[in-house]
Amino acid sequence: MYIDSITVKGGTYQKGVLQVEQGSQIELMIKASEGVGQIEGVAMRDGQPAAAAMVLAMPQDWSHGNYIPRDQPDSDGTFTLSSVPPGRYKVVAIEDGRGLAYANPDVIQPYLEKAALVTVTGTKRNVKLQVEVLPRY
């Protein structure tokens, strides 16, 4: 299951963050739905499988919250992003992504320029990625 929608009265909800003023009363409605999908694939660098990368599926619609599916490819370059809510994603493999503030739009944007666009509909999707290597910000 995944969070299909969040409705808030008495506060604001945006990109997975709920803001409530002190002393306010809020009404929060969370709708859960079934039908998560999966993105599988292989990360490649210079024509060879790349294990030392971070694979991310960046949501194009943040209504499901701030969940960013991620994985590190196995030694054969294969990866699996599980429990992905339906929607459109930019899927990217980043070399040495440790410590990268990938949830920050200013930091991740340069990596997404060559990302694969994937639509998840509650089924399994396959994608082949080229590992992106950019200077750190």
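Because the structure is a prediction, the values reported are computed rather than measured. (Residues numbered from 1 in each chain as written. Predicted model: local features only at pLDDT ≥ 70, side-chain atom pairs only at ≥ 80, totals over all residues. Heavy atoms only, no water.)

Participant: Any details on the overall build of the protein chain? Residues and values, ideally.
Facilitator: Looking only at helices and strands, one finds one helix and 12 strands in the protein chain. Element order for the protein chain, N to C, with α for helix and β for strand: β-β-β-β-β-β-β-β-β-β-α-β-β. Projecting the C-alpha coordinates of the protein chain onto the three principal axes gives extents of approximately 55 × 35 × 20 Å. The buried share among the 137 residues of the protein chain stands at 36%. In the protein chain, once contacts between residues fewer than 6 apart in sequence are set aside, the share between residues at least 24 apart is 69%. When the 13 positive and 15 negative side-chain charges of the protein chain are each reduced to one mean point, those points stand 3 Å apart. (Helix = DSSP H or I, 4+ residues; strand = E, 2+ residues; numbered from the N terminus. Buried < 20%, exposed > 50% of the residue type's maximum accessible area, 1.4 Å probe, protein only. Contact = heavy atoms within 4.5 Å. Lys, Arg positive; Asp, Glu negative; His and termini not counted. Charge placed at Lys NZ, Arg CZ, Asp CG, Glu CD.)

Participant: So, the pattern of salt bridges: which residues are in play, and what are the values?
Facilitator: Scanning the entire structure with this criterion turns up two salt bridges. For Arg 98, the salt bridge is made with Asp 96, and the minimal N-O distance between the two is 3.0 Å. You can call Arg 98 exposed: its relative accessible area is 68%. (Salt bridge = Lys/Arg side-chain N within 4 Å of Asp/Glu carboxyl O.)

Participant: Which residues make up the nonpolar core, and what values go with them?
Facilitator: Core analysis: the largest hydrophobic core is formed by 18 residues, its most contacted members being Ile 39, Leu 81, Val 91, Val 127 and Leu 129. Going through the elements one at a time, strand 5 (37-45), strand 7 (53-59), strand 9 (78-84), strand 10 (87-95), strand 11 (116-120) and strand 12 (124-132) are the ones with two or more residues in this core. Core analysis: the next-biggest nonpolar cluster, separate from the first, contains 13 residues, Met 54, Leu 56, Leu 100 and Ile 108 among them. (Core = buried A, V, L, I, M, F, W, Y, C linked by side-chain atoms within 4.5 Å.)

Participant: Outline the pairing of strand 10, supporting the account with residue identities and numerical values.
Facilitator: One ladder, built from seven bridges, connects strand 7 with strand 10; its direction is antiparallel. What sits directly across from Ala 53, in strand 10, is Glu 95. Here strand 10 pairs with strand 11 via five bridges, running antiparallel. For Gly 87, the partnering residue across the bridge sits in strand 11 and is Val 120. (Pairing = 2+ DSSP bridges.)

Participant: An account of the confidence of the model for the protein chain is needed here, citing residue identities and associated values.
Facilitator: Confidence in the prediction for the protein chain averages 87 pLDDT; 96% of positions are at 70 or higher. Of all secondary-structure elements in the protein chain, the lowest mean pLDDT belongs to strand 12, at 82, while strand 8 (residues 70-71) reaches the highest, 94. (pLDDT = per-residue confidence, 0-100.)

Participant: I'd like a rundown of a nonpolar patch on the surface, residues and numbers included.
Facilitator: Together, Ile 3, Leu 18, Val 20, Ile 26, Leu 28 and Ile 30 give the surface a local cluster of nonpolar side chains, amounting to about 450 Å² of exposed area. Positionally, Ile 26 belongs in the loop between strand 3 (17-19) and strand 4 (27-33). (Patch = residues over 30% accessible without salt bridge, like charges linked within 9 Å, V, L, I, M, F, W, Y side chains within 5 Å. Areas by Shrake-Rupley, 256 points an atom, 1.4 Å probe, with all protein chains shown as cover.)

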